[in-house]
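# Coordinates in review
Letter by letter, the chains look like this.
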Amino acid sequence: MKLLIINGPNLNFLGIREKSIYGAEGYETLVERLKQKAKQDGIDLEVYQDNSEGAIIDRIQQAYFEEVDGIIINPGAYAHYSIAIRDALASVDIPKIEVHISNVYKREEFRHTSVITPVCTGEILGLGVQGYFLAMDAMKEYVK
């Protein structure tokens, strides 16, 4: 199974930014843990991060041509307003799981709506970085 994890803006600052919300684990540590799990589970995994909307759209489109089996996306703040990322996700017939580290419904009201969720297969939020691992397990079962 080929799996792509896409992380949006500021996720490269995990362990640096707002530790009370996002935790103390650094981004590189998270990526290494995800790759270890993928290896154990026999998953061909790529973890991609970019702060730019256009680059994220390009990566989603590239995933289609690479015949990726599933996309896990943490769009960060783009979840709340990026119709362009939403449209890119909708345009590819690939299972998609949206992940958020924090429980967006316990935060500012503008975070309560995601334009991404309606074009995703599922959503995991509020469980910290554990949400990525749960999404990998869910995707593995879904793609079977």
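### Notes on helix H3 (residues 53-65)
In an α-helix, one turn spans 3.6 residues; hence positions three or four apart end up facing the same way. Over its 13 residues, H3 runs 19 Å from end to end, which matches the ideal 18 Å to within 8%, given 1.5 Å per residue. Taken residue by residue, H3 has Ile 56, Ile 57, Arg 59, Ile 60 and Ala 63 as its buried positions. The buried residues of H3 occupy an angular sector of 160° when projected down its axis, which confines them to one face. Check the buried side of H3 and you find it contacts strand S1 (2-7), strand S2 (44-49), strand S3 (70-74) and helix H4 (83-91).

### Looking at the pairing of S1
In terms of burial, S1 is a largely internal element, 5 of the 6 residues being buried. Relative to S2, S1 runs parallel, the two being bridged by 6 bridges. For Leu 3, the partnering residue across the bridge sits in S2 and is Leu 45. Of the pairings in the sheet, the one linking S1 to S3 comprises 5 bridges and is parallel in character. Bridged to Ile 5 within S3 is Ile 72.

### Some details on the sheet that holds strand S5 (residues 122-125)
Here we have 5 strands laid out as an open sheet, ordered S2-S1-S3-S4-S5, and parallel in their pairing. The outermost strands of the open sheet, each flanked by one partner alone, are S2 and S5. In this sheet, adjacent strand axes meet at a mean angle of 15° when their direction is disregarded.

### Re helix H5 (residues 130-143)
The first and last C-alpha atoms of H5 sit 20 Å apart over 14 residues, in line with the 20 Å expected at 1.5 Å per residue. Listed in full, the buried residues belonging to H5 are Gly 131, Tyr 132, Phe 133, Ala 135, Met 136 and Met 139. Where H5 is buried, its residues meet S1, helix H2 (27-41), S2, S3, strand S4 (96-100) and S5.

Rules of the game
- Residues numbered from 1 in each chain as written.
- Predicted model: local features only at pLDDT ≥ 70, side-chain atom pairs only at ≥ 80, totals over all residues.
- Heavy atoms only, no water.
- Helix = DSSP H or I, 4+ residues; strand = E, 2+ residues; numbered from the N terminus.
- Expected span 1.5 Å × (residues − 1).
- Buried < 20%, exposed > 50% of the residue type's maximum accessible area, 1.4 Å probe, protein only.
- Arc of directions from axis to C-beta.
- Contact = heavy atoms within 4.5 Å.
- Pairing = 2+ DSSP bridges.
- Axes fitted to C-alpha atoms, helices over the stretch in contact; angles between N-to-C directions.

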